[in-house]
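Close look at the chain arrangement
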Amino acid sequence: MNAQLDYYQEKLAYEMDPSDLFDALTKNEKIVVIDARKDFAFEKEHIPGAINIPHREMSEDSLKNLDRSAQYVCYCDGIGCNASTKGSLNMTKHGFKVKELIGGIEWWKMDGYATEGTKSSTGLEIKCAC
């Protein structure tokens, strides 16, 4: 029983689903959303408020101005893409607290949340609880 409990606790320590991310952003928690895809994908569509740092471009220099006390959530296209895993790994190697968004932007949209960009989609919008 303890092994199973440990497994689920560990899993939740490293992953977040779109609903939990939406709630955290709405509650204005100290979360920074990272789109780990290439810039053309980000420009086409991204989670509102996300910043684009393609995983291949992550380095000490490209990450130097980020707040190391924040929780970061990396995402990519979804289940057929591993940019979020590579981005999470890179950021963890550089000392950041990181979680990976389960299902990426595709599950974000499937759960009914809006996106921004040239091909944005409508849905529930993040409202700050400031």
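Structural data are supplied above this passage.
Residues numbered from 1 in each chain as written. Predicted model: local features only at pLDDT ≥ 70, side-chain atom pairs only at ≥ 80, totals over all residues. Heavy atoms only, no water.

A few words on the overall build of the protein. A tally of helices and strands in the protein yields six helices and five strands. Shown N-terminal to C-terminal, the secondary structure of the protein runs as helices and strands in the order α-β-α-β-α-β-α-β-α-β-α. In summary, the protein has a C-alpha radius of gyration of 14 Å against a globular reference of 14 Å for 130 residues, a match within 12%. Oriented by its inertia axes, the alpha-carbon framework of the protein measures out at about 45 × 35 × 35 Å. Partitioning the contacts of the protein with sequence separation of at least 6, the portion at a separation of at least 24 is 66%. Accessible surface, the protein as shown: approximately 7,700 Å² in total, 52% of it carbon and sulfur. The average position of the 16 basic charges and that of the 21 acidic charges among the side chains of the protein differ by 3 Å. (Helix = DSSP H or I, 4+ residues; strand = E, 2+ residues; numbered from the N terminus. Rg over C-alpha atoms; globule rule 2.2 N^0.38 Å. Contact = heavy atoms within 4.5 Å. Areas by Shrake-Rupley, 256 points an atom, 1.4 Å probe, with all protein chains shown as cover. Lys, Arg positive; Asp, Glu negative; His and termini not counted. Charge placed at Lys NZ, Arg CZ, Asp CG, Glu CD.)

As a further point, take helix α5 (residues 83-93). Where α5 is concerned, the buried positions are Ala83, Ser84, Gly87, Ser88, Asn90 and Met91. Around the axis of α5, the buried residues are gathered within 165 degrees of arc, so they sit on the same side. In this structure, the buried residues of α5 make contact with β2 (31-35), α4 (60-63), β4 (71-75) and β5 (97-101). Two residues or fewer past α5, Gly95 is found with a positive phi of approximately 90 degrees. (Buried < 20%, exposed > 50% of the residue type's maximum accessible area, 1.4 Å probe, protein only. Arc of directions from axis to C-beta.)

Glancing now at the pairing of β5. Where strand β1 (residues 15-16) and β5 come together, two bridges link them in parallel fashion. By the bridge assignment for β5, Met16 is matched with Leu101. Sheet topology note: the β4/β5 ladder contains four bridges and is parallel. Within the sheet, the bridge partner assigned to Gln71 lies in β5 and is Lys97. The parallel pair β4 and β5, bridged by α5, forms a crossover whose chirality is right-handed. (Pairing = 2+ DSSP bridges. Right-handed = clockwise from strand over helix to strand, strands pointing away.)

Counted under the stated rule, the structure contains eight salt bridges. Where Lys109 meets Glu45, a salt bridge forms, and the shortest distance between an N and an O atom there is 2.9 Å. Here Lys109 is found in helix α6 (residues 104-110), whereas its partner Glu45 is found in the loop between α3 (39-44) and β3 (51-52), with 64 residues between them in sequence. Via salt bridges that share partners, Asp35, Arg37 and Asp77 belong to a single interconnected network. (Salt bridge = Lys/Arg side-chain N within 4 Å of Asp/Glu carboxyl O.)

Looking now at the side chain of Thr115. Turning to its location among the elements, Thr115 is positioned in the segment after α6. Here Thr115 falls in the buried class, since its relative accessible area comes to 6%. A distance of 2.7 Å separates a polar atom in the side chain of Thr115 from a polar atom in the side chain of Glu45. Among the polar contacts made by the side chain of Thr115, one reaches the main-chain amide nitrogen of Ser121 at a distance of 2.7 Å. Setting aside anything within four residues of it in sequence, one finds Thr115 in contact with Glu45, His46, Pro48, Ile105, Trp108, Lys109, Ser120 and Ser121. (Polar contact = N/O pair within 3.5 Å; in protein donor to acceptor, adjacent residues only side chain to side chain.)

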